[in-house]
Each structure stands twice: as C-alpha cells, then as structure tokens.
Amino acid sequence: MAPCRLFDTRPSPDNVGPRTAPLTAGDTFTVPVRGTNGNCTVPMTATGVGMNVTIVDPTAASYLTTYPGGTMRPLASNLNWTATSPPTPNQVTVLLGAAGD
C-alpha cells in the first residue's frame, strides 16, 4: 500500500486523526489501524504496520513505546529524546492487536 498518515497529534492544519493534542508523560494513545483511519485505508487482513514516528518540539526528556493494542507495554522504547532535541524520527515495525490497533 502507499505510504499514508495514520495520525498526527499536532494542531491544525497538520492534525490527522482523532487526537489534536500532543502526548504527555504517562499518556497512552490507542489508534485503530485496520480499515479507514486518518489518511489511510489499511486492509482488514493486515497483521502489522511499518511506521515512522517523530517527536517535534519536546518540552521534557521522555520516550515513546509502540506496541500492539490489548497487550502489556514492553520495557523497551522505540524513541528517546531530551527537552532540547530537534525533530527526531524513527522507523518502527509493530504487530497489530486482536482489535486491529
């Protein structure tokens, strides 16, 4: 399938998907993947996704962990940053949970 933007939590006009606020410390954001979401239509038979995740304008040191919905958060992170980090991307591959998230 062609690359598409599943979600973007930045304010308009960059926002894509149901969330319009940045993630905060301790936040969990579950995103439906299969079907039509954001600017994407992901086949109902999809078992995983390859995504680019990016931080922009962080205000504190933190990390991001991507993992299948309905499962326990793993101890490893996919992206780490400090309060002074420039925009930082990382490519991740994530299995989808049973509900397609």
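Keep in mind it's a predicted model, so treat the numbers as computed, not measured.

**What about the packing of aromatic side chains?**
Aromatic rings considered in pairs are described by the distance between their centres and by the relative angle of their planes. Taken as a whole and judged by the stated rule, the model has one aromatic pair. Judged by centre distance (5.3 Å) and plane angle (90°), the rings of F7 and F29 are edge-to-face. With F7 in the segment before strand 1 (35-37) and F29 in the segment before strand 1, this residue pair connects regions lying 22 residues apart in the sequence. Residue classification places F7 among the partly exposed residues on the basis of a relative accessible area of 29%. Note that R19 overlies the ring of F29, its terminal NZ or CZ placed 5.4 Å from the centroid.

**Structural notes on the pattern of salt bridges**
Tallying each qualifying case throughout the model produces three salt bridges. With a closest N to O distance of 2.8 Å, D8 and R5 form a salt bridge. A relative accessible area of 40% places R5 in the partly exposed class. Look at the salt bridges and you will find they share partners, linking R5, D8 and R10 into a network.

About the cut-offs
- Residues numbered from 1 in each chain as written.
- Predicted model: local features only at pLDDT ≥ 70, side-chain atom pairs only at ≥ 80, totals over all residues.
- Heavy atoms only, no water.
- Phe/Tyr/Trp six-rings, centres within 6.5 Å; stacked < 30°, edge-to-face > 60°.
- Helix = DSSP H or I, 4+ residues; strand = E, 2+ residues; numbered from the N terminus.
- Buried < 20%, exposed > 50% of the residue type's maximum accessible area, 1.4 Å probe, protein only.
- Lys NZ or Arg CZ within 6 Å of the ring centre and 35° of its normal.
- Salt bridge = Lys/Arg side-chain N within 4 Å of Asp/Glu carboxyl O.

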